[in-house]
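# Fold and geometry: a report
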Amino acid sequence: MSENILVIGSGGREHALCWKLADSPLVKSIYCAPGSVGISSILKVDSVNLQVEDTTALAAWCKEKAINLVIIGPEDPLANGIVDALSTHGIKCFGPTKAGAQIEANKDWSKKFMSKYQIPTARYQSFTAAEEAKEFIKKAPFPALVVKASGLAAGKGVVVASSKEEACAAVDAILTDSKYGSAGETVVIEELLEGDEVSVLAFTDGETVSMMPPAQDHKRIGDGDTGPNTGGMGAYCPCPLITPEQLADVKEQVLQRAVDGLKKEGIKYVGVLYAGMMVTKSGPMTLEFNCRFGDPETQVLMLLLETDLYTITKACVDGNLKQVQVKWETEMSAVGVVIASKGYPETSTKGCVISGLSKVQSRPNIMVFHSGVARGANESLVTAGGRVMLVAAKRSSLRSAASVATSAAADIDFPGAQYRKDIAHRAFSNSLTHEE
Ligand code: AMP
Ligand code: GLY
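Here goes a summary of the coordinates provided.

Rules and cut-offs
Residues numbered from 1 in each chain as written. Chains lettered and ligands numbered in written order. Predicted model: local features only at pLDDT ≥ 70, side-chain atom pairs only at ≥ 80, totals over all residues. Heavy atoms only, no water. Helix = DSSP H or I, 4+ residues; strand = E, 2+ residues; numbered from the N terminus. Rg over C-alpha atoms; globule rule 2.2 N^0.38 Å. Buried < 20%, exposed > 50% of the residue type's maximum accessible area, 1.4 Å probe, protein only. Contact = heavy atoms within 4.5 Å. Pairing = 2+ DSSP bridges. Phe/Tyr/Trp six-rings, centres within 6.5 Å; stacked < 30°, edge-to-face > 60°. Lys NZ or Arg CZ within 6 Å of the ring centre and 35° of its normal. Salt bridge = Lys/Arg side-chain N within 4 Å of Asp/Glu carboxyl O. Near = heavy atom within 4 Å. Polar contact = N/O pair within 3.5 Å; in protein donor to acceptor, adjacent residues only side chain to side chain. Areas by Shrake-Rupley, 256 points an atom, 1.4 Å probe, with all protein chains shown as cover. Axes fitted to C-alpha atoms, helices over the stretch in contact; angles between N-to-C directions.

Turning to the overall build of the protein chain, a few remarks are in order. Tallying secondary structure elements over the protein chain gives 15 helices and 23 strands in all. A compact globule built from 436 residues should have a C-alpha radius of gyration of about 22 Å, and the protein chain, at 21 Å, falls within 12% of that. Dimensions of the protein chain along its principal axes, counting C-alpha atoms only, are 60 × 45 × 45 Å. Across the 436 residues that make up the protein chain, the buried fraction comes to 58%. Here the contacts in the protein chain between residues at least 6 apart in sequence split such that 69% fall between residues at least 24 apart.

What follows is the structure in structure tokens.
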């Protein structure tokens, strides 16, 4: 037991990653920057206050602490080149370089890449001039209703319009009114796809792809997928809305093809490649790639991962993922329900005392991962953000996991707490479902 790890990030995703990494007998200590109250409560894990943008100082700190591996949670540091910078100091990183992170951070580049390597995706065209973009929306031979700012816009740069007028208004907001600043200098106009959205993530060392079981996120605030979009109100895994045959296609035609294509472009892509898929009537189509683990998908995925996460991430960095057999608890299901604070997603409420946690955490196979929680007076925990925490349950069926996680969410209380009572509902209502 001698390995020291630094995890970058502070959300529920990083809480789940730290929890799973701490389970490894190979790992001595884990630092998480900036971490959180929940992350610090894990044995072997400390939260540290580091300026991750100052990569020279960060590299010096890593050397001082004998860090063997840095795992990067969010997309921003990846897109800013943290891996390139730390690598020049000889520090090993789980995550792609700046060039690799373009697959998420530059949608125009990503779409061109998908076309070049024949990765199934929606038809599209990119524009920098508003008039041309609007002309295209009016005349395209398909419903060109999805308008995306090409750059990173904190998950907010996509408009799925219900009319051409609405799509044109989105073009004006992004290109003319610069709603997302430089992230919106180019817009991607895409064909509207219909179907079920499924997140398919994979570990990769730049050659081998090891696919994780499919998961589904719930973007809308309200039951029945209604109301405004959020950062994700819950997730479940495995998601039965994609067949094993379709998953095999996603592995070969999307994930492996992308990793091979990146290699041809001179990019050795190491880390997690996340394919956001739409399972349409004519098969799975790629909506987007992310260059990292998903949140909240990671919280449920980590509950089902059997193999040592440190061994997997180290193998990716060392280029020998092929030699690791990544195992998942295939007979089990995990469901995670997010509890958000009052006003979310428009606003959030801070400082409300959270109760009921000890009752929930004493139950078997239930985990609570913090997203926006702070320490209050007298050792209490208080809300500190929009999404506050995710409570996840692992059970032998999806139905039972959903019911246990939802009732556990009801036991956690603070003024204004809101959560969805129907996480995993699409798995139970869709005719494609195999479980029913
Ligand atoms: P993205 O960040 O590209 O995944 O887009 C965010 C969300 O917009 C996705 O999770 C989908 O719900 C939706 N979306 C993106 N592209 C499309 C598309 N071509 N057709 C329908 N919905 C889409
Ligand atoms: N679950 C969506 C994301 O991580 O981007």
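Within strand β10 (residues 196-204), eight of the nine residues are buried, which leaves the element mostly enclosed by the surrounding structure. Pairing analysis gives nine bridges linking β10 to strand β16 (residues 271-280), with the strands arranged antiparallel. Across the sheet, alanine 202 pairs through a bridge with leucine 273, a residue of β16. In textbook terms, the turn of a hairpin is the stretch between consecutive antiparallel strands, and for β10 and strand β11 (residues 209-211) this stretch comprises four residues, one of which, glycine 206, has a positive phi near 100°.

Counted according to the given criterion, the structure contains nine aromatic pairs. Summarising the aromatic geometry, the rings of tryptophan 19 and phenylalanine 369 are spaced 5.8 Å apart at their centres and angled 65° between planes, so their arrangement reads as edge-to-face. Taken together, the positions of tryptophan 19 in helix α1 (residues 12-22) and phenylalanine 369 in strand β20 (residues 366-370) put the pair 350 residues apart, joining distant regions of the chain. Here tryptophan 19 falls in the partly exposed class, since its relative accessible area comes to 26%. Taken together through their ring pairs, the aromatic side chains of Phe94, Phe203 and Phe293 make up a single cluster. Looking at arginine 399, its charged tip hangs above the ring of phenylalanine 428, at a distance of 4.2 Å from the centre.

Inspection of the entire model under this criterion finds 24 salt bridges. A salt bridge links arginine 387 to aspartate 295, with the nearest nitrogen and oxygen atoms 3.7 Å apart. Note that arginine 387 is positioned in strand β23 (residues 387-395) and aspartate 295 in the loop between β17 (283-290) and α11 (297-304), a separation of 92 residues in sequence. For the residue pair arginine 387 and aspartate 295, the accessibility class agrees, reading buried in each case. Put simply, glutamate 329 and lysine 394 hold a salt bridge, and the shortest N to O gap is 2.7 Å.

Here we take up the site of ligand 2. Around ligand 2 lies a shell formed by Asp217, Lys219, Tyr274, Asn290, Arg292, Gly294, Asp295 and Glu297. In this structure, arginine 292 approaches ligand 2 through a side-chain N or O atom, which is 2.8 Å from an oxygen atom. The side chain of glutamate 297 places a nitrogen or oxygen atom 2.7 Å from a nitrogen atom of ligand 2. For ligand 2, the accessible surface in isolation is 200 Å², of which the surrounding protein chains cover 89%.

As summarised here, the arrangement of the four strands in space is β11-β10-β16-β17, forming an open sheet in which the pairing is antiparallel. Looking along the sheet, the strands with just one partner apiece sit at the ends: β11 and β17. Across this sheet, the average inter-strand angle for adjacent strands is 35°, counted without regard to direction. Two strands pair when backbone bridges link them, and β10 and β11 are joined in this way by three bridges, in the antiparallel orientation. Bridging across to β11, phenylalanine 203 finds its partner in serine 210. Strand contacts of helix α10 (residues 244-264): β10, β11, β16 and β17, with the helix running at about 135° to β16, the strand carrying the most contacts.

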